[in-house]
Amino acid sequence: MSKYTKVIVAFLLSISLAYAAENEKVNAMVMINMENGLANIQKGFLYNNIGMIKEGVETVSKENMIYHDRNVIRSILPENKKQMENLALITSKRIDNATDEMKSYIALKQMKNAHNAYMDIVNACTDCHVLVRGW
């Protein structure tokens, strides 16, 4: 390998590592925001505050959109879990479905069903964490 090729490879590797590090930071922020959204939903149910529930659902829905991108999913999955990209994408779609259900049930004032949809979100999150973290 020539000196020029080694420099190019080192440069590309550093760009890849910087990209991965940036995606890890973005993922951490998304997780914090999703946690806050879930906390708002739960508090809304506990305190009978529909506005807080709606705000939380919107936060979770908005933050979850990042996981619709296979490149993002690939960049945050650990090396030994990259093959599980489809499962992570399906989990993201489950969260989408559950947030849509919550919105519908809230509009219909069917709070028990809305809470069940909330639990579907939590279950989808847990399933993905089992996948990624090896719980």
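(A) Structural context of the overall build of the chain. On a plain count of helices and strands, the chain comes out with five helices and zero strands. Counting across all 135 residues of the chain, residues that qualify as buried make up 31%. Summed over its atoms, the accessible surface of the chain is roughly 8500 Å², and 59% of this surface lies on carbon and sulfur atoms.

(B) Spotlight on the nonpolar core. L38, I41, V60, I95, M102 and I121 are the most contacted members of the largest nonpolar core, which has 18 residues in total. For this core, the elements supplying multiple residues, two or more each, are α1 (3–46), α2 (50–64), α4 (85–107) and α5 (111–133). Beyond its immediate stretch of four places on either side in the chain, V60 contacts M34, G37, L38, I41, I95, T99 and I121. Of all hydrophobic cores here, the second largest spans six residues; its members include L77, A88, L89 and L131.

(C) Quick peek at the packing of α2 against α4. Between α2 and α4, the shortest axis-to-axis distance is 10 Å and the interhelical angle comes to 155°. Between α2 and α4, the crossing angle belongs to the class labelled roughly antiparallel. Remark: the crossing between α2 and α4 carries left-handed chirality. Seen from α2, the contacting residues are I50, I53, K54, V57, E58, V60, S61 and N64; seen from α4, they are S92, I95, D96, T99, M102, K103 and I106. In terms of residue class, the contact of α2 with α4 is made up of seven nonpolar, four polar and four charged.

(D) Quick look at the environment of L131. Mapped onto the fold, L131 is located in helix α5. In this structure, the C-alpha to C-alpha distance between L131 and E85, residues 46 residues apart in sequence, is 9.9 Å. In this view, L131 contacts K81, M84, L87 and A88; residues no more than four positions away in its chain are not counted.

(E) Expanded view of the packing of α4 against α5. At their nearest, the axes of α4 and α5 sit 8 Å apart, and the two run at 165° to each other. Comparing the axis directions of α4 and α5 gives the class roughly antiparallel. Crossing of α4 over α5 shows left-handed handedness. Counted by class, the contact of α4 with α5 contains 16 nonpolar, four polar and four charged residues.

(F) Expanded view of unusual backbone geometry. In this model, N48 sits at a positive phi of 55°, which is unusual for a non-glycine residue. Among the secondary structure elements, N48 is positioned in the loop between α1 and α2. Here K109, not a glycine, exhibits a phi torsion of approximately 60°, which is positive. Tracing the sequence through the fold places K109 in the loop between α4 and α5. Exposure remark for K109: the relative accessible area of 64% places this residue in the exposed category.

(G) Quick peek at the state of the cysteines. Under the counting rule described, the total for this entry stands at zero disulfides. Between C125, a cysteine without a disulfide, and C128, which holds the nearest cysteine sulfur, the sulfur-to-sulfur distance is 7.9 Å. Judged by its relative accessible area of 13%, C125 falls in the buried class.

Conventions and cut-offs
- Residues numbered from 1 in each chain as written.
- Predicted model: local features only at pLDDT ≥ 70, side-chain atom pairs only at ≥ 80, totals over all residues.
- Heavy atoms only, no water.
- Helix = DSSP H or I, 4+ residues; strand = E, 2+ residues; numbered from the N terminus.
- Buried < 20%, exposed > 50% of the residue type's maximum accessible area, 1.4 Å probe, protein only.
- Areas by Shrake-Rupley, 256 points an atom, 1.4 Å probe, with all protein chains shown as cover.
- Core = buried A, V, L, I, M, F, W, Y, C linked by side-chain atoms within 4.5 Å.
- Contact = heavy atoms within 4.5 Å.
- Axes fitted to C-alpha atoms, helices over the stretch in contact; angles between N-to-C directions.
- Parallel < 35°, antiparallel > 145°, perpendicular 65-115°, else oblique.
- Left-handed = near helix turned anticlockwise from the far one by under 90°.
- Nonpolar A, V, L, I, M, F, W, Y, C, P; charged D, E, K, R; others polar.
- Disulfide = S-S within 2.5 Å.

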